[in-house]
Structures are given as structure tokens and as C-alpha cells.
Amino acid sequence: MHDWLLAVILGVIEGVTEFLPISSTGHLLLAEHWLKIPKSSFLSSEIFNVCIQSGAVVAVIAVFFERVKQLATRHAEPATRDYLLKLATAFLITAVFGLLFKKLGLKLPKDVAPIAWATFLGGVLFLVIERWIKDRPTTNEITWAITIGIGVGQLVAATFPGASRSGMTILFALAMGLARPAATEFSFLLGVPTLLAAGAYEAYKGLPVDWLALAIGTLVSAATAFLVVKWLLRFIQTHTFVAFGWYRVVMGLLTLAFGR
């Protein structure tokens, strides 16, 4: 299969899964395994997987343009400053500890089994948390405790492929009483600096780059993510995350059974 076609397929997978709580990294690694992309290929490199996330970031900025504009131009207002400070705090938790883990030699596993287990267990957690918070009161206020919890959730996802960055941040927020729309917005906006920083870090390492494949993957990711984010924001207005929990459970079990 041509590299450009593989880049399109991986771009679609990244765009669909980055902001759905089902793990883009896990799905990309599984796709590489099932498509039999050589580990020596640029398409299976960490720099490709991380950098095409920039396309998904562009999609989020486009969907949340008015909100991003407000945060960028009205930072003199106390509520805006407070929101930006909490975004920065959650981001720094991931950045500082993520770099520390890198220095300690932590590498993301490429084996199928840990990804499948993270996908499965994340699904179980969604089912448990959604059942636990059913009929409980929620809040739209992002407290400092919730901010730290979301930062920790993002760090968990960075450490365990298959956990899902959006999934863990939303899950931690829901467990701490934040309403679904507020949790989703904060998670998505937090993804902007997080994913851009991760992409910049990988680019800084100066590895050989297939620029055509990277451009194709990024553009496809942006277009796909734009549609998915708009759909998800409508979906959560009237639905829970239970369907995603069941998807993760089934996906994890199937991967454990047939992913070798």
C-alpha cells in the first residue's frame, strides 16, 4: 500500500479518535499493527503520530473560534484570567511530569496488549462513573481541585497509550462533579497547548521527516476532527458517555483476543 494512502488512513483515524474519549494513540498504534506498517517506517514513528495531532488542534480552534477569541482578547476580565490560569495549570502538570518521565526513560509501549487493557479498563471506568453520577447534581464551575484532577488525568493518558487524553480528562472531571459540556470544553481547549507542545517537542528532536506524508496526515486529521468535534458537542447535550464506554470495552476485548 502506498505511503500516501496509509497517511490518509492514519489521518482519518487520528481525526476521528483524538477528541472522542476512545484514544487516538491507541487506535493509531493498533492500525499500524494491523496494517503491518514496518516499525522502521516514518508512518509508525512517534513524530508522525504526535505531529498529525496538530491538525486536530486546528479543528478545535475553528470550532471554538469565538471562545478562543474571547480568551485571547478579554484576558483583563477576572473570569477569563481565572479560566486561562486553570488551563495553564492543568497543562503544566502534564508538561513538567511528562518531561520528567521522558528523562527517566519512559517510552510508550508499541505492544498490543497494554493498549488493549488500557482501552478496556477505561471503558469500564466510564460505565462505572456514568452510573455513579447518574441523577447527582453537577456544576459548571471549574474549581482548582477539578483543574488539578484534569491535569492528572491528562498525565495518566500520556503515560498509558489507550487510556485517551480526552477520555481521562473528561472522566476525572465528571467524577469530581463537573457537567459534561463544561468538562468537554475544558478538555478540548486544554488539548490545544498540550498537543501543540507535544508536536513541537517531537519536531525539535530533528528526526528525518517525510514531509509529504506528514502534510497529508495532518490535513486529513484536521478535516475529520472538525466534523467529529462539532458532532460530539451536539451529542453530549442529550447523551451520556456510556456508548463510548461500551465501545472501549468491546474494542479492548476484541483486541486482546485477535490483536496478536
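This write-up is about the structure you can find in this document. Keep in mind the model is a prediction, meaning the values are calculated, not measured.

**A few points about the environment of I148**
Here is step 1 of the chain: Mapped onto the elements, I148 comes out in helix α8 (residues 144-159).
Here is step 2 of the chain: On the basis of relative accessibility, which here comes to 45%, the residue I148 falls in the partly exposed class.
Here is step 3 of the chain: As a C-alpha pair, I148 and K86 span 62 residues in sequence and 8.5 Å in three-dimensional space.

**Here's the deal with the side chain of E14**
Here is step 1 of the chain: Mapped onto the elements, E14 comes out in helix α1 (residues 3-17).
Here is step 2 of the chain: Although E14 is buried, it forms no salt bridge, and the closest oppositely charged side chain is R165 at an N-O distance of 8.5 Å.
Here is step 3 of the chain: With sequence-adjacent residues up to four places away left out, E14 is seen in contact with S24, L28, I52, Q53, A56 and S221.

**Description of the packing of aromatic side chains**
Here is step 1 of the chain: Counted according to the given criterion, the structure contains ten aromatic pairs.
Here is step 2 of the chain: Through successive ring pairs, a cluster of aromatic residues spans F126, W231, F235, F241 and F244.
Here is step 3 of the chain: Taking the ring centre of Y83 as reference, the NZ or CZ of R67 above it sits at 4.4 Å.

**Here's the deal with a nonpolar patch on the surface**
Here is step 1 of the chain: A surface patch of nonpolar side chains, about 490 Å² in accessible area, is lined by L92, V96, F97, L100 and L104.
Here is step 2 of the chain: Assignment of secondary structure puts L92 in helix α6 (residues 78-103).

**Here we look at helix α7 (residues 112-133)**
Here is step 1 of the chain: When the terminal C-alpha atoms of α7 are compared, their 32 Å separation across 22 residues agrees well with the 32 Å that a helix rising 1.5 Å per residue should span.
Here is step 2 of the chain: D135 lies just past α7 and shows a positive phi near 65°.

**Structural notes on the packing of α7 against helix α12 (residues 242-258)**
In a packed pair of helices, the relevant descriptors are the angle between the two axes and the axis-to-axis distance.
Here is step 1 of the chain: Two elements in contact, α7 and α12, have axes whose closest approach is 7 Å; the angle formed by their N-to-C orientations is 155°. Relative to α12, the element α7 lies roughly antiparallel. In this structure, α7 crosses over α12, and the sense of that crossing is left-handed.
Here is step 2 of the chain: For the contact of α7 with α12, the class distribution of residues is 15 nonpolar, six polar and two charged.

**A short note on the pattern of salt bridges**
Here is step 1 of the chain: Per the stated rule, a full pass over the model turns up five salt bridges.
Here is step 2 of the chain: In this structure, R67 and E185 form a salt bridge, with 3.3 Å as the shortest nitrogen-oxygen distance. Here E185 lies in helix α10 (residues 180-204) and R67 lies in helix α5 (residues 65-73), a separation of 118 residues in the sequence.
Here is step 3 of the chain: Measuring nitrogen to oxygen at the nearest pair gives 2.6 Å for the salt bridge that ties R180 to E130.

**Details of unusual backbone geometry**
Here is step 1 of the chain: Residues other than glycine seldom take positive phi values, yet K36 does so here, at roughly 55°.
Here is step 2 of the chain: In this structure, K36 sits in the loop between α2 (24-34) and α3 (46-51).
Here is step 3 of the chain: Overall, the relative accessible area of 70% leaves K36 in the exposed class.

Thresholds, definitions, all that
Residues numbered from 1 in each chain as written. Predicted model: local features only at pLDDT ≥ 70, side-chain atom pairs only at ≥ 80, totals over all residues. Heavy atoms only, no water. Helix = DSSP H or I, 4+ residues; strand = E, 2+ residues; numbered from the N terminus. Buried < 20%, exposed > 50% of the residue type's maximum accessible area, 1.4 Å probe, protein only. Lys, Arg positive; Asp, Glu negative; His and termini not counted. Salt bridge = Lys/Arg side-chain N within 4 Å of Asp/Glu carboxyl O. Contact = heavy atoms within 4.5 Å. Phe/Tyr/Trp six-rings, centres within 6.5 Å; stacked < 30°, edge-to-face > 60°. Lys NZ or Arg CZ within 6 Å of the ring centre and 35° of its normal. Patch = residues over 30% accessible without salt bridge, like charges linked within 9 Å, V, L, I, M, F, W, Y side chains within 5 Å. Areas by Shrake-Rupley, 256 points an atom, 1.4 Å probe, with all protein chains shown as cover. Expected span 1.5 Å × (residues − 1). Axes fitted to C-alpha atoms, helices over the stretch in contact; angles between N-to-C directions. Parallel < 35°, antiparallel > 145°, perpendicular 65-115°, else oblique. Left-handed = near helix turned anticlockwise from the far one by under 90°. Nonpolar A, V, L, I, M, F, W, Y, C, P; charged D, E, K, R; others polar.

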